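Here's the letter readout for the chains.
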Amino acid sequence: MLTFTTLASGSSGNAALVSWGDTHILLDAGISARRITTGLKALGVDPVRISAVLITHEHHDHISGLPVLTKKLRVPIYASAPTCGEINRRVPFVEDLLRRQEPGTGVQIGGLWVESFPTPHDAAGSVGYSISAEGSRMVLCTDLGHITPEVRRAAEGCDLLACEANHDEDWVRSGPYPYPLKRRVLGDYGHLSNEAGAELAALAVQSGTRTLVLAHLSAENNTPAHAREVVCRRLQAMGCDPERDVSLAVAPRGDLGPVYRLERGRDTVAFRLREAALC
Ligand SMILES: [Zn+2]
Ligand SMILES: [Zn+2]
């Protein structure tokens, strides 16, 4: 059974675990190595059993745990070639661990098939990941300024979508951020707003996704309740009852999230989508 758990999610640090049988993959390492190993142990996973680390991009909140983690765990680190270059510059003694994965290609890691896809973000070569096993598939898609055809394709038909819902655009505009940072967050290579995240969630739900995890929320320009409310409203507009038809949750910022178990052939709740609900 494919399982997914967030260890931390947000601008202060990101890490998640995807498992299938004995294969355990860490998705990003943007919290301290100690917090990562504590989180893994709490999930019953001995850190030495980790098969690989996948990195979305080189921003601090996605790689800050790598220097200490790689001292202890000499496991392969997968990332796009430009991201590998950045990691190599910032993390000592890591070169022999780096595995360059061209976005759009797939690699088998133990029992898991891992595909990456490019995401529009102000980093060297940021990607999202689509991870599958035994017909179940989850997608991690955070840190992107807008929804591209590649992102849309990856999200379509997955069983679980961990989707960015970073901010409320009005809160960013009227908030305390300096102007260049506001421009960055709201720009095409910044972060998905609640509305944009809701649009991606709606696209996924329309194509069969039933588990949504809202991720990478801003501490200053969002709240879990607000992000959830915006996505609920969007789903309701297409005839979906967010309480009954889907599982919708917000990934905790600093704590372990629940363990999501994706089982092939599980019952899906049918509901009628309103015509022309999606543009
Ligand atoms: Zn980030
Ligand atoms: Zn980033």
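In the block above lies the structure referred to throughout.
Our subject in this report is the structure included herewith.

### Section: the coordination of the zinc ion (ligand 1)
Moving on, step 1. Those protein atoms acting as donors to the zinc ion (ligand 1) are Asp-61 (OD), His-62 (NE2), Asp-143 (OD) and His-216 (NE2), and they sit at 2.1 to 2.2 Å.
Moving on, step 2. What the 4 donor atoms of the zinc ion (ligand 1) show is an angle range of 91 to 167° at the metal, which sorts the shape as irregular.
Moving on, step 3. Along the chain, the residues donating to the zinc ion (ligand 1) fall in the pattern D-H-x80-D-x72-H.
Moving on, step 4. Taken as a pair, the zinc ion (ligand 1) and the zinc ion (ligand 2) lie 3.5 Å from each other and share Asp-143 as a ligand.

### Focus on the nonpolar core
Moving on, step 1. Ranked by internal contacts, the top residues of the largest apolar core, which has 32 residues, are Cys-141, Leu-161, Leu-200, Leu-214 and Leu-235.
Moving on, step 2. Of all the secondary structure elements, the ones that give two or more residues to this core are strand E10 (136-141), helix H5 (149-155), strand E11 (160-164), helix H8 (194-206), strand E12 (211-215), helix H9 (224-237) and strand E13 (247-250).
Moving on, step 3. Of all the elements, H8 adds the most residues to this core, at 7 residues.
Moving on, step 4. Residues within four places of Leu-161 in sequence aside, it is in contact with Val-139, Cys-141, Ala-155, Leu-200, Ala-201, Ala-204, Thr-209, Thr-211, Leu-212 and Val-213.
Moving on, step 5. Listed in part, the 27 residues of the second largest apolar core include Ala-15, Ala-33, Ile-63 and Leu-69.

### Structural notes on a positive patch on the surface
Moving on, step 1. Judged by side-chain charge, Arg-34, Lys-41, Lys-71 and Lys-72 come together as a positively charged surface patch.
Moving on, step 2. Within the secondary structure, Arg-34 is located in helix H1 (residues 33-42).
Moving on, step 3. Arg-34 sits in the exposed class, given a relative accessible area of 66%.

### Concerning the state of the cysteines
Moving on, step 1. For the coordinates displayed, the defined rule picks out 0 disulfides.
Moving on, step 2. No disulfide involves Cys-232; its nearest neighbouring cysteine sulfur is the one of Cys-240, lying 8.6 Å away.

### Focus on the environment of Ile-77
Moving on, step 1. Mapped onto the fold, Ile-77 is located in strand E5 (residues 77-79).
Moving on, step 2. Judged by its relative accessible area of 0%, Ile-77 is buried.
Moving on, step 3. For the pair Ile-77 and Asp-96, spaced 19 residues apart in sequence, the C-alpha to C-alpha distance is 9.3 Å.
Moving on, step 4. Dropping the residues within four chain positions of it, Ile-77 is found in contact with Val-53, Ile-55, Leu-66, Thr-70, Ile-87, Val-94, Leu-97, Leu-98 and Arg-99.

### What to know about the sheet that holds E13
Moving on, step 1. Taken together, 7 strands build an open sheet; the order of strands is E7-E8-E9-E10-E11-E12-E13 and the sheet is mixed. The open sheet has two edge strands, strand E7 (106-109) and E13, and neither has a second partner. Within this sheet the neighbouring strands show an average axis-to-axis angle of 20°, counted without direction.
Moving on, step 2. Sheet topology note: the strand E9 (residues 127-133)/E10 ladder contains 5 bridges and is antiparallel. Pairing of Ile-131 across the sheet is with Met-138, part of E10.
Moving on, step 3. Where H8 meets the sheet, it contacts E10, E11 and E12, and its direction lies at approximately 165° from that of E11.
Moving on, step 4. Packed onto the sheet, H9 meets E12 and E13 and runs at close to 155° relative to E13.

### Thoughts on the pattern of salt bridges
Moving on, step 1. This structure, assessed with the given rule, holds 10 salt bridges.
Moving on, step 2. Arg-90 is paired through a salt bridge with Glu-86; the nearest N and O atoms lie 3.0 Å apart. In this pair, Arg-90 and Glu-86 both sit in helix H4 (residues 81-90), 4 residues apart, roughly one turn of the helix.
Moving on, step 3. Each of Glu-86, Arg-89 and Arg-90 takes part in one network of salt bridges that share partners.

Conventions and cut-offs
Residues numbered from 1 in each chain as written. Chains lettered and ligands numbered in written order. Predicted model: local features only at pLDDT ≥ 70, side-chain atom pairs only at ≥ 80, totals over all residues. Heavy atoms only, no water. Donors = N, O, S within 2.8 Å, 3.2 Å for Na, K, Ca; no water. Tetrahedral: all angles 85-135°; square planar, octahedral: opposite > 155°, others 65-115°. Core = buried A, V, L, I, M, F, W, Y, C linked by side-chain atoms within 4.5 Å. Buried < 20%, exposed > 50% of the residue type's maximum accessible area, 1.4 Å probe, protein only. Helix = DSSP H or I, 4+ residues; strand = E, 2+ residues; numbered from the N terminus. Contact = heavy atoms within 4.5 Å. Patch = residues over 30% accessible without salt bridge, like charges linked within 9 Å, V, L, I, M, F, W, Y side chains within 5 Å. Areas by Shrake-Rupley, 256 points an atom, 1.4 Å probe, with all protein chains shown as cover. Salt bridge = Lys/Arg side-chain N within 4 Å of Asp/Glu carboxyl O. Lys, Arg positive; Asp, Glu negative; His and termini not counted. Charge placed at Lys NZ, Arg CZ, Asp CG, Glu CD. Disulfide = S-S within 2.5 Å. Pairing = 2+ DSSP bridges. Axes fitted to C-alpha atoms, helices over the stretch in contact; angles between N-to-C directions.

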